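# Descriptive analysis of the structure
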Amino acid sequence: MKITDAKVIVTCPGRNFVTVKIVTEDGLYGIGDATLNGREKAVVSFLEDYVLPMLIGRDARRIEDIWQYLYRGVYWRRGPVGMTALAGVDVALWDIKAKAANMPLYQLLGGRSRDRIMTYTHANGSDLESTLKAVEKAQAKGYKAIRIQCGVPGIDKVYGVSKGGKRYEPADGDLPTEESWSTHKYLNFVPSVFEAVRREFGPDVHLLHDVHHRLTPIEAARLGKALEPYHLFWLEDCTPAENQEAFRLIRQHTTTPLAVGEVFNSLHDCRTLIQEQLIDYIRSTIVHAGGITHLRRLADFASIYSVQTGFHGATDLSPVCMGAALHFDYWVPNFGIQEHMAHSDEMESVFTRAYRFDDGHFVPGETPGHGVDIDEAEAAKYPYKRACLPVNRLEDGTLWNW
Ligand code: KDG
Ligand code: MG
């Protein structure tokens, strides 16, 4: 089954998406997400200038060999751009293989391990009152797990909190906008938010929170400890994880479950975190970590150490990634939870999908392949629009983690 064509489709139905499409000699095709928020064109160039020409004439059925060729065969390995490009190719090939077998992708992976996939959504508000309303709304939609982000008094713009009732989208300006940050104000305020949410909504709802890399390890330990009475499902990215050993200190101080890894692009980024059981959930997902082929290895490794999956699923990951992730979630034995943020209506017109929401859960659908397709004519109506993620400074002007 020779590959006869491989191309990239870039579209911006509300936000930028990069999709790889691979076509075979018998007319079967597959698609994969290769979107790297704020760095989309770097991946497009990587694919068009280097990766895609190498695919023509190869046998689309040899997914493992193609993966090894594009990873081991390349001198400059890993990194977010390369691993996102590789993921786009890998998922398109799995899509083709499952279509050729006339099976939904999860069947090829080993069949389903569960009936439905628990997903969490986001509830955010500029103050406590609007945050509590957002939680109520999420519950009314059926979500059993809710990520809570709340504006902090004295900080103008807080990660994860939308302004003016708009949907939260992190990438906006033509150049990065600058936000400011006060750890002191944040740490003093956040526990009171979770206290109010538990008081209002009781013990059953799963609560999550994303610190988005803002704290030092000892500050993260303090927050984890302060949040223990509210039994979080997880505390995410409480400190940057380049230094994996830093989590030893956090772990010594708190039983709040920890999730890390949406910015990781390979198993090597989290080997110590997993092996020493310093985290509970691994967030790396298919689009940024080398596709299904690599994630399968990562998840199996994590399973030995009781670390569960908790795939990233923000709106900058396209429905193609979500579709593939849901097939993976259906199969993976050490599944924890799946993130979901609803895409815009424009987006839903570009991508058709078999996956569907059902009472706080998703199912991937029974369509052969991963069940997501792209309408190229519709995609062409939305040309690429440059958008950057913000940067962050402390109140004295020091550059900080966003
Ligand atoms: O592109 C960056 C976003 O995907 C990220 O800010 C979202 O942290 C995020 C999350 O947990 O969804
Ligand atoms: Mg996050």
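First things first, this report covers the structure right here in the doc. Within every chain, residues take consecutive numbers counted from 1 along the sequence as written. Whichever chain is written first is A, and whichever ligand is written first is 1; the rest continue in order. Per-residue local features of the predicted model are confined to residues with pLDDT of at least 70, and side-chain atom pairs are confined, for both listing and counting, to 80 or more; whole-chain, interface and lining totals are unaffected and use all residues. Excluded from the side-chain calculations are hydrogens and water; all other atoms, namely the structure's heavy atoms, are used.

Time to look at the nonpolar core. Ile22, Leu47, Val89 and Phe328 are the most contacted members of the largest nonpolar core, which has 64 residues in total. A domain split of this core shows at least three residues from each of domain 1 (3-107) and domain 2 (110-366). Should any heavy atoms of two residues lie within 4.5 Å, those residues are considered in contact. When residues no more than four places from it in sequence are discounted, the contact partners of Leu47 are Val8, Val20, Ala34, Leu52, Pro53, Ala85 and Val89. Definition of nonpolar core: a set of buried residues of the types Ala, Val, Leu, Ile, Met, Phe, Trp, Tyr and Cys, connected through side-chain atoms within 4.5 Å. Summary of the burial criterion: residues with accessible area below 20% of their type's maximum are buried, those above 50% are exposed, and those between are partly exposed, where the area comes from a 1.4 Å probe applied to protein chains only. Domain start and end points were adopted from an automatic or database domain assignment.

Right, let's talk about the pairing of strand β1 (residues 3-11) for a bit. Two faces make up the sheet, and in a regular strand the side chains alternate between them. The pairing of β1 with strand β2 (residues 17-24) spans eight bridges and is classified as antiparallel. Following the sheet pairing, Asp5 is matched in β2 by Val23. A pair of strands counts as paired when DSSP detects no fewer than two bridges linking them. Helix and strand assignments follow DSSP, with helices taken as H or I runs no shorter than four residues and strands as E runs no shorter than two, numbered in order from the N terminus.

Turning our attention to the coordination of the magnesium ion (ligand 2). A donor here means any N, O or S atom no more than 2.8 Å from the metal (3.2 Å for Na, K and Ca); water is not included, so a site may seem to lack partners. Taken together, Asp210 (OD), Glu236 (OE) and Glu262 (OE) make up the full set of protein donors to the magnesium ion (ligand 2), lying 2.0 to 2.3 Å away. In primary-sequence terms, the residues that donate to the magnesium ion (ligand 2) follow D-x25-E-x25-E. Of this pair, Asp210 sits in strand β7 (residues 206-210) while Glu236 is found in strand β8 (residues 234-236), placing the two residues 26 residues apart along the sequence. Glu236 shares its class with Asp210; the two are buried.

In this section: the packing of helix α10 (residues 291-304) against helix α11 (residues 319-331). With their axes 12 Å apart at the nearest point, α10 and α11 run at an angle of 30 degrees to one another. Judged on the interaxial angle alone, α11 and α10 are roughly parallel. As for how α10 packs across α11, the hand of that crossing is right-handed. For the pair α10 and α11, the contacting residues are Ile292, Leu295, Arg296, Ala299 and Asp300 in the first and Ala324, Phe328 and Trp331 in the second. All amino acids are sorted into three groups, where Ala, Val, Leu, Ile, Met, Phe, Trp, Tyr, Cys and Pro are nonpolar, Asp, Glu, Lys and Arg are charged, and the leftover types, Gly among them, are polar. In the contact of α10 with α11, the residues fall into six nonpolar, no polar and two charged. Between the N-to-C directions of two axes lies an angle of 0 to 180 degrees, each axis being a line fitted to C-alpha atoms and, for a helix, fitted only over the stretch in contact. Angles are sorted into four bins: roughly parallel if under 35 degrees, roughly antiparallel if over 145, roughly perpendicular if 65 to 115, and oblique for all others. It is the rotation of the near helix from the far one that decides the hand of a crossing: anticlockwise by less than a right angle makes it left-handed, clockwise makes it right-handed.

The next thing to look at is the site of ligand 1. A cutoff of 4 Å decides nearness: a residue is near a molecule or strand if any of its heavy atoms lies inside that distance of it. The immediate surroundings of ligand 1 are formed by 13 residues, with Asn37, His212, Glu262, Asp316 and Glu339 found nearest. Between an oxygen atom of ligand 1 and a side-chain N or O atom of Arg147, the distance comes to 3.2 Å. Polar contacts, as used here, are pairs of N or O atoms within 3.5 Å; protein pairs need one atom able to donate a hydrogen and one able to accept it. Residues neighboring in sequence count only if both atoms are side-chain atoms. A distance of 2.9 Å separates an oxygen atom of ligand 1 from a polar atom in the side chain of Tyr159. For every accessible area listed, the method is Shrake-Rupley and the probe measures 1.4 Å; residues are considered covered only by the protein chains on display. Taking 330 Å² as the accessible area of ligand 1 by itself, protein coverage stands at 94%.

Glancing now at the sheet that holds strand β18 (residues 399-400). The strands making up a sheet are joined through hydrogen bonds of the backbone, oriented either antiparallel or parallel. Pairing in this open sheet of three strands is mixed, and the strands run β6-β17-β18 from one edge to the other. Every interior strand has two partners, whereas the edge strands, β6 (178-181) and β18, have only one. One ladder, built from two bridges, connects strand β17 (residues 391-394) with β18; its direction is antiparallel. By the bridge assignment for β18, Arg393 is matched with Leu399.

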